[in-house]
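Here's the letter readout for the chains.
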Amino acid sequence: MDKLVIRGGNRLVGTIPISGAKNAALTLIPCALLTDEPVTLRNLPRLADIDGFQHLMTQFGVSVAIQGGRPEDFGRVVTYEATRLTSTVAPYDLVRKMRASILVLGPMLARAGEATVSMPGGCAIGNRPIDLHLKALEAFGAEIELAQGYVKAVAPGGRLPGGEFDFPVVSVGATENALMAAVLAKGTSKLFNAAREPEIVDLCNLLVAMGAEIEGIGTSDLVIHGVDRLHGATYRVMSDRIEAGSYACAAAITGGDVRLEGASAHDMASTIHALRNIGIEIDEDKNGINVRAPGPLKATNLTTAPYPGLATDMQAQLMALLCKAEGTSVLKETIFENRYMHVPELNRMGANIETEGRTAIVKGTDVLTGAEVMATDLRASMSLVIAGLAAEGETTVRRLYHLDRGYERLEEKLQLVGADIERVGDD
Ligand SMILES: CC(=O)N[C@H]1[C@@H](OP(=O)(O)OP(=O)(O)OC[C@H]2O[C@@H](n3ccc(=O)[nH]c3=O)[C@H](O)[C@@H]2O)O[C@H](CO)[C@@H](O)[C@@H]1O
Ligand SMILES: C=C(OP(=O)(O)O)C(=O)O
């Protein structure tokens, strides 16, 4: 298995292109199930999760055509065509590798009147149940049965009537599934306390481009007027606010000066706010942001929350940055119950972090030291890379399959700005 070897200490300077957002792409791709016409997505990141999702789409008889895209380019253009669905079953073997596979449930049910999807199970960052996905679909009229680890959902009479659902907890995935189910329902549906992450706005924009009728886009109350059919569309995936935030942390920890080309300051306002509190200078323009670390990093307190709050997907990377800040920072993780798996690994690199339940106390230190570390999940992996870039000596990060789920050609992008990082085969 490959590993990353990082020799820390280089100041990052230059430009990093930001890719299309993984978490948007993973909800835009299943929209192709909603129509028999082609749906073309531009700026799709080249990631293991996207390949996995495409594989799942072919399982349903969807044709997947990758156009152009030179190997040296970031992103690519892919057309999905679900002229006729040959299966409505998402098997365990494909779903277990990628939680986001549950996002085929809503659109498949809307298009085919039935869907059978393996339960995704837990993962390193927490239990991650799907009860809200199922409750929202039931509120729209679906009949749901759980058997042998599978969810079987049926729309009586072949089409959901639509309905209302008030989310007791904000859920990105459940909002996405409910939206994709409601757009083809017979009647009007309402969602209250829906997630309003930028990726949900991206999803709504594609659905509208396909002919859906949605009111309240960007707010937590959505009204969806079901239509009889949707048509194809061509759509550009939004830029990845978490990838951009991660590279901002990487630049900042090295005292660097980096432009993140294509980053959307609007979508990552909470991360920018946190970085400014840490003493990082950020200039925004319509094509990207510039990140500069002019002096010592300052401690700050951070609490993750649904959008527009601080994204839980940024917690680990900001924590790595705060390991080198002057003073003590207190972080609170409110979204997932087990998202501090990077803490013992960062401590092995000389960080001073203590956790108590959902709170982490980070005492800043002058020196981090290179070490052999093990990545446990996607953002935890990135936090170790960030620490490694500022550490004295060599850091080796293993289990790169986590990083490859969510960072398009990470080492190439970091090399562009002067990092000493390489991917090597394990011996
Ligand atoms: C592919 C994708 O877009 N993944 C993102 C998505 O995950 P995902 O959509 O899985 O996360 P959710 O927003 O659903 O989870 C938020 C909270 O709701 C809980 N919950 C969720 C669903 C449910 O049916 N029941 C329930 O209790 C979860 O356990 C968690 O505590 O949003 C998360 C929160 O911003 C991000 O960290 C993930 O990167
Ligand atoms: C947790 C994440 O992704 P997923 O929901 O795909 O596991 C993430 O992107 O940080």
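What you see is a predicted model, and the numbers here were worked out from it, not measured in a lab.

## A closer look at the UniProt feature "modified residue: 2-(S-cysteinyl)pyruvic acid O-phosphothioketal" (unreviewed entry) in the protein
So, step 1. Feature annotation in UniProt places "modified residue: 2-(S-cysteinyl)pyruvic acid O-phosphothioketal" (unreviewed entry) on Cys123, given in this structure's numbering.
So, step 2. Here Cys123 shows up in the loop between β7 (114-118) and α5 (131-139).
So, step 3. For Cys123, a relative accessible area of 31% translates into the label partly exposed.
So, step 4. Among all residues touching Cys123, those that are not within four sequence positions of it are Arg99 and Arg128.

## What to know about the site of ligand 2
So, step 1. Inspection of the region around ligand 2 gives Lys22, Asn23, Ile125, Arg128, Asp313, Arg339, Leu378, Arg379 and Arg405 as its neighbouring residues.
So, step 2. In this structure, an oxygen atom belonging to ligand 2 sits 2.5 Å away from a side-chain N or O atom of Arg405.
So, step 3. Notes on ligand 2: free accessible area 290 Å², of which the protein chains cover 87%.
So, step 4. When residues of the shell around ligand 2 are traced back to their parent elements, those giving at least two are α1 (22-28) and α12 (378-390).
So, step 5. Of the residues assigned to the shell around ligand 2, the class counts are two nonpolar, one polar and six charged.
So, step 6. Shared between two domains, the shell around ligand 2 takes at least three residues from each, and those domains are domain 1 (3-19 + 239-424) and domain 2 (22-236).

## Quick look at the sheet that holds strand β14 (residues 233-236)
So, step 1. Taken in spatial order, the four strands of this open sheet run β4-β5-β3-β14, and their pairing is mixed. The open sheet is flanked by β4 (63-67) and β14, the only strands paired with a single partner. Direction aside, neighbouring strands of the sheet carry axes that sit 20° apart on average.
So, step 2. Pairing between strand β3 (residues 39-44) and β14: four bridges, direction parallel. Bridge assignment links Arg42 to a residue of β14, and that residue is Arg236.
So, step 3. Its contacts with the sheet place helix α2 (residues 48-59) against β3, β4 and β5 (76-81), and it is angled at close to 20° to β5.

What counts as what
- Residue positions are given per chain, counting from 1 as you read along its sequence in written order.
- Chain letters start at A and ligand numbers start at 1, both assigned in the order the entries are written.
- pLDDT decides what is reported in this predicted model: residues at 70 or higher carry local features, side-chain atom pairs at 80 or more are listed and counted, and totals for whole chains, interfaces and linings draw on all residues regardless.
- Side-chain numbers here rest on the full set of heavy atoms in the structure, without hydrogens or water.
- UniProt positions are given in the numbering used here, feature names are shortened, and annotations may be inferred rather than shown by experiment.
- Strands are runs of DSSP state E lasting at least 2 residues, helices are runs of H or I lasting at least 4, and numbering of each runs from the N terminus.
- Accessibility here uses a 1.4 Å probe with only protein chains present; expressed as a share of the type maximum, an area under 20% marks a residue as buried, one over 50% as exposed, and anything in between as partly exposed.
- Residues count as neighbours in contact if any of their non-hydrogen atoms are within 4.5 Å of one another.
- Being near a molecule or strand, for a residue, means having at least one of its heavy atoms within 4 Å of it.
- In the analysis that follows, any N or O atom pair within 3.5 Å is treated as a polar contact, provided that within protein one partner can donate a hydrogen and the other can accept it, and provided that, for residues neighboring in sequence, both atoms belong to side chains.
- Computed with a 1.4 Å probe, the accessible areas rest on the Shrake-Rupley method; for each residue, only the protein chains presented here act as cover.
- Classification used: nonpolar for Ala, Val, Leu, Ile, Met, Phe, Trp, Tyr, Cys and Pro, charged for Asp, Glu, Lys and Arg, polar for all others including Gly.
- Domains are outlined according to an automatic or database domain assignment.
- Note: two strands are recorded as paired if DSSP finds a minimum of 2 bridges between them.
- Orientation is described by lines fitted to C-alpha atoms, with helices fitted over the stretch in contact, and by angles between N-to-C directions that extend from 0 to 180 degrees.

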